[in-house]
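# A structural walkthrough
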Amino acid sequence: MNPSDVKKMQELARLWVDAQPTVAAFISAAIPNFHDAQDVLQRTAVALVQKAEDFDPDRPFIGWVVGIAKIEVMRQRRENQRDRLQLDESALDAVAGAAARVSAESAEMRQTLEQCFEKLSGKPRETFKLYYFDSLKRSRIAELLGMSTNAVFVALHRARTDLRRCMERKLGLEGGLS
Amino acid sequence: MTNPQELISRFLYDELDEAQQQEFNAWLAADPSNADLFMRETIVHRHFMERQLVDQEVLAENQVLTLACELPDDASTAEVARGTIFKIGIRMAGFAAAAVLLLTTSLPFLTSMTSSQNAQPALSIDLMLQNEWSRMTDRSNLQHRWLSGDLTHDQVVDIADYFALESQVDQPHKEAGLKDLAHLQVAFGSKLN
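Residues numbered from 1 in each chain as written. Chains lettered and ligands numbered in written order. Predicted model: local features only at pLDDT ≥ 70, side-chain atom pairs only at ≥ 80, totals over all residues. Heavy atoms only, no water.

## What to know about the overall build of chain A
Per the secondary structure count, chain A includes 7 helices and 0 strands. Helices and strands appear in chain A in the N-to-C order α-α-α-α-α-α-α. The 178 residues of chain A split such that 52% are buried. For chain A, the proportion of contacts with a sequence separation of at least 24, taken over those separated by at least 6, is 60%. For chain A, the exposed surface amounts to about 8800 Å²; the carbon and sulfur share of it is 47%. (Helix = DSSP H or I, 4+ residues; strand = E, 2+ residues; numbered from the N terminus. Buried < 20%, exposed > 50% of the residue type's maximum accessible area, 1.4 Å probe, protein only. Contact = heavy atoms within 4.5 Å. Areas by Shrake-Rupley, 256 points an atom, 1.4 Å probe, with all protein chains shown as cover.)

If you want it as structure tokens, here you go:
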């Protein structure tokens, strides 16, 4: 590898580190199963190495890498037929566009989320922790908290929506639904 | 029309029926601001899913599950862990010894820990990067290192060791470890052979 290639790869690595959370979110938006999404994220990283020669520093990196991730998402779908319900092509394109748009805000969003989480309280907070931190299934959470599984769904929905609204408020972002 | 917020939640928690999925697809494609909102919701969702993994790694690391050790310079080849799956060149005899020691002494502990605390054991590896030892405990961080493209032969071998060990001692990451190793072999085959 000559010095200019090394420099290019180092630049690629730096850009990847910055873009990775957004790419991961895009993949999760396309593939809700977290472990499948992780798998696709890894494949995307490998594909990035393999396509490094195609990298054009004059074009937006995030658009390029989301395009690579989209190819890996489609490949995973072909291999894994159990995803019966999924985003169609138009929806996936729309989400890929959104990934590129929100990419710049992504790091700030993630920092803000920790502050916002501290403000959650009551059942939504308790339910949220059991689901996201303790990895419990909703049926198990329902048993533990003496709730119906539908009430668990509602609590998770409410907590996540509150977190997103808090994040948007703190960052002055527009476009959220009330 | 179902409330879009509800559609998002149903999608993220895998509860959409077919009619709702179609409705959701149409809603996403209808306006870029809809897709932006969905991405933000997904960032929230994923942020906390990832934090769960980080918490588990920190917990496991605090329980002294580390492969890092003093690394002598002499080169040798050893069969990693129980003589199964992969034969990989190991640069450091000390590292190989630590790996085998971990596998032979820690498996019962690992098994009990994962079952009792739902934690995933984390491995770590020390790599010489930019003239300093860096402790790597995160698989995605290691993946980023591949992308730097200027890894030495020894570093590639070290990372391969990490994934090989992970595939054997870290049951929840078994498949991922094997895949990473395969990917590494594709990307750096000549350095591993």
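Structure's up, so let's keep going.
## Things to note about the packing of helix 4 (residues 89-119) of chain A against helix 2 (residues 18-30) of chain B
Put simply, helix 4 of chain A and helix 2 of chain B touch, their axes get as near as 8 Å, and they point 45° apart. Looking at the two axes, helix 4 of chain A sits oblique to helix 2 of chain B. The way helix 4 of chain A lies across helix 2 of chain B gives a crossing that is left-handed. Packed against helix 4 of chain A, whose contacting residues are S90(A), A91(A), A94(A) and V95(A), the element helix 2 of chain B presents N25(B), L28(B) and A29(B) at the interface. A class-by-class count of the residues in the contact of helix 4 of chain A with helix 2 of chain B yields 5 nonpolar, 2 polar and no charged. (Axes fitted to C-alpha atoms, helices over the stretch in contact; angles between N-to-C directions. Parallel < 35°, antiparallel > 145°, perpendicular 65-115°, else oblique. Left-handed = near helix turned anticlockwise from the far one by under 90°. Nonpolar A, V, L, I, M, F, W, Y, C, P; charged D, E, K, R; others polar.)

## Considering the state of the cysteines
Residues and elements named next belong to chain A. Going through the model one piece at a time under the given rule, you end up with 1 disulfide over all chains. Between C116 and C166 runs a disulfide, and the two sulfur atoms are separated by 2.0 Å. Its torsion about the S-S bond being -80°, the disulfide of C116 and C166 is classed as left-handed. Here C166 lies in helix 7 (residues 149-171) and C116 lies in helix 4, a separation of 50 residues in the sequence. Across this residue pair, the class does not change: C116 and C166 are buried. (Disulfide = S-S within 2.5 Å.)

## Some details on the confidence of the model for chain A
Per-residue confidence for chain A gives a mean pLDDT of 86, with 91% of residues at or over 70. The secondary structure element of chain A with the lowest average pLDDT is helix 1 (residues 3-30) of chain A, at 81, and the one with the highest is helix 6 (residues 138-145) of chain A, at 93. (pLDDT = per-residue confidence, 0-100.)

## Quick look at the side chain of E50(B)
Among the structural elements, E50(B) can be located in helix 3 (residues 32-62). With a relative accessible area of 17%, E50(B) lands in the buried category. Side-chain polar atoms of E50(B) contact the side chain of R110(A), separated by 3.1 Å. Beyond its immediate chain neighbours, meaning those up to four positions away, E50(B) contacts A24(A), F34(A) and R110(A). (Polar contact = N/O pair within 3.5 Å; in protein donor to acceptor, adjacent residues only side chain to side chain.)

## Considering empty space enclosed by the protein
Here the structure, examined in full by the defined rule, presents 2 cavities of 30 Å³ or more. The volume enclosed by the second largest cavity comes to roughly 30 Å³. In terms of lining, the second largest cavity is formed by S28(A), P32(A), F34(A), A37(A), H45(B) and M49(B). Listing elements by their share of the lining of the second largest cavity, those giving two or more residues are helix 2 (34-50) of chain A together with helix 3 of chain B. (1 Å grid on protein atoms, 1.4 Å probe; cavity = no way out; pocket = protein on both sides within 12 Å on 5 of 7 lines; lining within 4 Å. Points joined across faces, edges and corners; volume = space filled by probe spheres on them.)

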